[in-house]
Amino acid sequence: MSLTVSPVVDHTGKVIGASKIARDITQQKLTQQRAKKYTVRLEIMNMVMSAISEELDLNKILQKVTDATTELTGAQFGAFFYNKLDAAGESYTLFTLSGAPREAFEKFGMPRNTAVFHPTFSGEGVVRVDDITKDPRYGKNDPYHGMPKGHLPVVSYLAVPVVSRNGHVIGGLFFGHQEPAMFTEEHEALVISIAAQAAISLDNAKLFEEVRALNDKKDEFIGLASHELKTPLSSVNGYLQILDRQIKEEAPKKFLQKALNQVGRITSLVNDLLDVSKIEAGKLQLTTADFDLKPIIEESIELIQHSAAKHTISFTSEMGHCPVQGDAQRIEQVIVNLLSNAIKYAPKADKVEVSLKCTAEKVIVSVKDLGPGIAKDKLKNIFTRFYRIDEASPNISGLGIGLYLAHEIITRHHGEIWAESKLGEGSTFFFSLPKPLA
Ligand code: ADP
């Protein structure tokens, strides 16, 4: 009721009575309540729809859908039974629950293909019953003839199949309430729309799992193949070196040198691949010690300069010594990689500039080339695994793992690696390492 009371006054302004207006606002209140209920439902729907469309973790999708639909239907408990194939192709069922502990269901096993459950698991359609215990399909099966003893009491029953885009039944959403006639047509419609979105999200999650499994297999293969290649490669290298020592004639010796160079190239590719698979498996070992970075840079330059006839590599350093902490061999690997890229990807240039600088907290090494440079949109990807800018260097071979390894090694040393470049103006690669505490 809405009550309005106003004073009634005479000509002198004295209150002589009161007027009351009472209005029945039941309808208005009901409409407000209904609107509020719809808003809350809409919010839950929106929340669950966007949450599951972004989610790729199967269990999380199942749980979010179960929780949201149980809340929306006002069920005392809800469950999502999900059919899954394991690696051997065997079917098994996962389930998530809302409103009841897992123990409440675990002892009963999975719902079987009985008359009650059949329409859901076959994808035939929705089952919504005001009192399932009075339904003709109920209680027809051994051994329980109805719900087993100790089962949560279900009177109102709603079950919605979840069907994938290709028509395959992914599973079913089940809701129960101990009071009769709790689930309405509207509840049914809400669950159906969420079930449709859930089917899409579950399909995506499944695809994602498959891609991940294939990716793992690929990593495993790379590890295995590079490991298998390493042994014969070392033998070839060994035999070529023996021959090299024995042969004195100039012409065959030249060929042998070429063969040895090529074997060296393959060995470094195989080693890089092995490192990649070690990183993926979390097994890249670092042997940490104090060392001087300056001679490491000088040695790397010497090594690369040796095989780079056209380019001159210059080096400027702000300090005489540069003590750092880490794995000297791995840091050398990074510098060698940056130097060989600076030469490999700038075939028309003839200069590479290396510098070593120092700030209060870190040391910074830079490798600058005068090559074609790297486009801005590509720059952010060059440290990713297997990434290559093919159109910029179509005839230059590589696997796109050198910078990925460099990034991994520097990050493991708590340093940073980055590149600055402008198309047509060359590139500068930097890495920094923290200075050891004094
Ligand atoms: P790759 O084995 O292919 O050389 P990297 O991981 O070392 O792999 O480099 C990734 C990609 O980044 C290269 O394919 C190349 O396109 C680009 N890149 C690397 N260094 C330079 C550079 N100094 N100048 C221009 N492009 C470069």
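For the structure, see preceding data.
Colleague: How do you make sense of the overall build of the protein chain when you look at a structure like this?
Modeller: In terms of helices and strands, the protein chain carries 10 helices and 14 strands. Against the compact-globule benchmark of 22 Å for 438 residues, the protein chain has a radius of gyration of 36 Å, which places it well outside the compact range. Counting only residues that meet the buried cut, the protein chain has 39% of its 438 residues in that class. Intrachain contacts of the protein chain at a sequence separation of at least 6 include 65% that bridge at least 24 residues. For the protein chain, the accessible area works out to roughly 25700 Å², and carbon and sulfur atoms hold 56% of it. Taken together, the 50 basic and 53 acidic charged side chains of the protein chain have centroids lying 2 Å from each other.

Colleague: I would appreciate a short explanation of the packing of aromatic side chains in the present structure.
Modeller: Two aromatic rings, taken as a pair, are described by how far apart their centres are and by the angle between their planes. Counted by the stated rule, this structure contains 8 aromatic pairs. Residues Phe-117 and Phe-174 carry aromatic rings whose centres are separated by 5.7 Å and whose planes lie at 85° to one another, so their mutual orientation is edge-to-face. With Phe-117 in the loop between helix 3 (103-106) and helix 4 (118-121) and Phe-174 in strand 7 (residues 169-177), the pair connects residues that are 57 residues apart, well separated along the chain. Classification of Phe-174 by relative accessible area gives buried; the value is 7%. Ring plane angle 50° and centroid distance 6.5 Å describe the contact between Tyr-157 and Phe-174, whose orientation is recorded as tilted. With Tyr-157 in strand 6 (residues 156-163) and Phe-174 in strand 7, the pair connects residues that are 17 residues apart, well separated along the chain. An identical accessibility class is assigned to Tyr-157 and Phe-174; each is buried. Of the aromatic side chains, those joined through ring pairs into one cluster are Phe-81, Phe-95, Phe-117, Phe-121, Tyr-157 and Phe-174.

Colleague: So what exactly am I meant to see when it comes to the pattern of salt bridges here?
Modeller: It is possible for side chains bearing opposite charge to pair when their charged atoms get close. Counted by the stated rule, this structure contains 13 salt bridges. For Arg-128, the salt bridge identified is with Glu-188, shortest N-O distance 2.6 Å. Linking Arg-128 in strand 5 (residues 127-129) with Glu-188 in helix 5 (residues 185-246), this pair joins segments that are 60 residues apart in sequence. Take Glu-188: its relative accessible area is 19%, and that puts it in the buried class. Across the pair Lys-253 and Asp-244 runs a salt bridge, and its minimum N-O distance is 3.3 Å. In this structure Lys-253 comes out as partly exposed when scored by relative accessible area, which is 28%.

Colleague: What's the story with the nonpolar core in this structure? I'm lost.
Modeller: A general tendency of soluble globular proteins is for nonpolar side chains to be buried together. With 47 residues, the main nonpolar core has Leu-293, Ile-331, Leu-339, Ile-382 and Phe-431 as its most contacted residues. For this core, the secondary-structure elements that each account for two or more residues are helix 6 (250-280), helix 7 (293-307), helix 8 (328-344), strand 11 (351-358), strand 12 (362-369), helix 10 (402-412), strand 13 (416-421) and strand 14 (427-434). Per element, the largest residue contribution to this core is 8 residues, and it comes from helix 8. Those residues in contact with Leu-339, other than ones at most four positions away along the chain, are Ser-300, Ile-301, Ile-304, Ile-313, Val-352, Val-354 and Val-367. Ranked by size, the runner-up nonpolar core spans 28 residues in total, among them Val-160, Ile-194, Ala-195 and Ala-205.

Colleague: I'm lost on the side chain of Asp-272 in this one. Help?
Modeller: Mapped onto the fold, Asp-272 is located in helix 6. Buried and unpaired, Asp-272 has Arg-330 as its nearest opposite-charge partner, separated by 6.7 Å. Excluding its chain neighbours within four sequence positions, the residues that come into contact with Asp-272 are Gln-333, Ile-401 and Leu-405.

Cut-off values and rules
Residues numbered from 1 in each chain as written. Predicted model: local features only at pLDDT ≥ 70, side-chain atom pairs only at ≥ 80, totals over all residues. Heavy atoms only, no water. Helix = DSSP H or I, 4+ residues; strand = E, 2+ residues; numbered from the N terminus. Rg over C-alpha atoms; globule rule 2.2 N^0.38 Å. Buried < 20%, exposed > 50% of the residue type's maximum accessible area, 1.4 Å probe, protein only. Contact = heavy atoms within 4.5 Å. Areas by Shrake-Rupley, 256 points an atom, 1.4 Å probe, with all protein chains shown as cover. Lys, Arg positive; Asp, Glu negative; His and termini not counted. Charge placed at Lys NZ, Arg CZ, Asp CG, Glu CD. Phe/Tyr/Trp six-rings, centres within 6.5 Å; stacked < 30°, edge-to-face > 60°. Salt bridge = Lys/Arg side-chain N within 4 Å of Asp/Glu carboxyl O. Core = buried A, V, L, I, M, F, W, Y, C linked by side-chain atoms within 4.5 Å.

All we've got here are geometric facts, nothing functional implied.
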